[in-house]
Amino acid sequence: MGAGHAHVLYRAGTSPVHRLPPEVKITAMVAFSIAVVATPRETFWAYGGYALLVVVVAALARIGPGWLLRRSLIELPFVLFAFVLPFLGAGERVDWLGLSLSVDGLYGGWNILAKGTLGVLASLLLAGTTTMRDLILGLDRLRCPQILTQIATFMLRYLDVLAGEARRMRVARLSRGDDPRFLWQLRGFAAGIGALFLRAFERGERVYLAMLSRGYEGRMPAVWQSAGAATAGHWVAGATVPLTAAGIAVTALVLG
């Protein structure tokens, strides 16, 4: 964990968003998502306000729209489903360019598309400005269940180790003339996966026992929890976006 592991979504920088403690950013992202989900689907103007907040945060974090759009393609299956809903929905229908569309399906598709896209963009901004180590540290400071932080910690610490082990096993297979690319070679590939699982399990047991012998109690060391923890100023700065989003949601609920 102390080796400075990063993930593929993280973009190193020194922006104000990067400098915020991870627990503040996690809380702000969750609160923003709750406000978006609570907004009625008929209040289209509210989603424009949320999109403006996302643009402002992206600009402060110095993350370009191209990077966000490319990574947001992960929601493509949901986008396709949203475009299909107007044709499959029941109830009142309207004609548009010779197509018979369901009114409820149009609202449902818009609801999925708007809320899903805003949630994905908010998550990408969090991941792009926070290292994986800091994400786990932030969850630990927020008193996330120990079992979740432990699993995430071990996964982060030994993901690269297991990937390297898998590469070495593949090279060993290739050096012996085994290149499992065809259907009749799947047996050897499956055996390699089983061996990798056993090695990972045994190594995890040894590492966990070694950590227990050194005083590990299931949480990050106290020195990590206290260093760089959020101050009142950080919480005030981080609350700007979720409070604005909450104000938009409340206004939309009252007017809607």
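Anything mentioned here points back to the structure above.
Residues numbered from 1 in each chain as written. Predicted model: local features only at pLDDT ≥ 70, side-chain atom pairs only at ≥ 80, totals over all residues. Heavy atoms only, no water.

**A short note on the nonpolar core**
Rule in force here: To form a nonpolar core, buried Ala, Val, Leu, Ile, Met, Phe, Trp, Tyr and Cys residues must be joined to one another through side-chain atoms within 4.5 Å. Exposure categories follow from relative accessible area, calculated using a 1.4 Å probe and restricted to protein chains: below 20% of the type maximum is buried, above 50% is exposed, and the middle band is partly exposed. Each helix corresponds to a stretch of at least 4 residues labelled H or I by DSSP, and each strand to a stretch of at least 2 residues labelled E; elements are numbered beginning at the N terminus. Should any heavy atoms of two residues lie within 4.5 Å, those residues are counted as being in contact.
With 30 residues, the main nonpolar core has Phe 32, Tyr 50, Leu 68 and Leu 125 as its most contacted residues. The set of elements that each furnish at least two residues to this core consists of α2 (22–38), α3 (44–60), α4 (65–71), α6 (103–129) and α12 (240–255). The element best represented in this core is α6, accounting for eight residues. Residues within four places of Leu 68 in sequence aside, it is in contact with Ala 58, Ile 63, Leu 121, Leu 124 and Leu 125.

**Details of the pairing of strand β1 (residues 93–96)**
What counts, and what does not: What makes two strands pair is DSSP finding at least two bridges between them.
The pairing of β1 with strand β2 (residues 99–102) spans four bridges and is classified as antiparallel. Following the sheet pairing, Trp 96 is matched in β2 by Leu 99. Counting the residues that bridge the hairpin from β1 to β2 gives two residues, and of these Leu 97 lies at a positive phi of roughly 55°.

**Thoughts on the packing of aromatic side chains**
The test is simple: Any two of the Phe, Tyr and Trp rings considered here, Trp counted by its six-membered ring, make a pair once their centres fall within 6.5 Å; the pair's planes then place it as stacked at under 30 degrees, edge-to-face at over 60, or tilted in between.
Counting across every chain of the model gives five aromatic pairs. On the basis of an interplanar angle of 85° and a centroid distance of 5.9 Å, the ring pair of Phe 32 and Tyr 50 is categorised as edge-to-face. Pair noted here: Phe 32 is in helix α2 and Tyr 50 is in helix α3, with a separation of 18 residues, a long-range link. Of the residues examined, Phe 32 reaches a relative accessible area of 4% and is grouped as buried. With 6.3 Å between their ring centres and 15° between their planes, Phe 44 and Tyr 107 make a pair best called stacked. Remark: Tyr 107 occurs in helix α6 and Phe 44 occurs in helix α3; sequence separation between them is 63 residues. Judged by its relative accessible area of 45%, Phe 44 falls in the partly exposed class. Among the aromatic residues, those joined into a ring-pair cluster are Phe 32, Phe 44, Tyr 47, Tyr 50, Tyr 107 and Trp 110.

**Let's talk about the packing of helix α7 (residues 132–141) against helix α8 (residues 146–175)**
Quick reminder of the rule: For helices, the fitted axis covers only the stretch in contact; all axes are lines through C-alpha atoms, and the angles between them, taken along N-to-C directions, range from 0 to 180 degrees. For classification purposes, angles smaller than 35 degrees are called roughly parallel, those larger than 145 roughly antiparallel, those between 65 and 115 roughly perpendicular, and all remaining angles oblique. Put simply, a crossing is left-handed when the front helix is turned counterclockwise from the back one by less than a right angle, and right-handed when it is turned clockwise.
Taken N-terminus to C-terminus, the directions of α7 and α8 make an angle of 165°; their axes are 10 Å apart at the nearest point. When the interaxial angle is binned, α7 and α8 end up roughly antiparallel. At the point where α7 passes α8, the crossing takes the left-handed sense. Counted together, Met 132, Arg 133, Ile 136, Leu 139 and Asp 140 of α7 and Thr 149, Ala 152, Thr 153 and Leu 156 of α8 form the full contact between these two elements.

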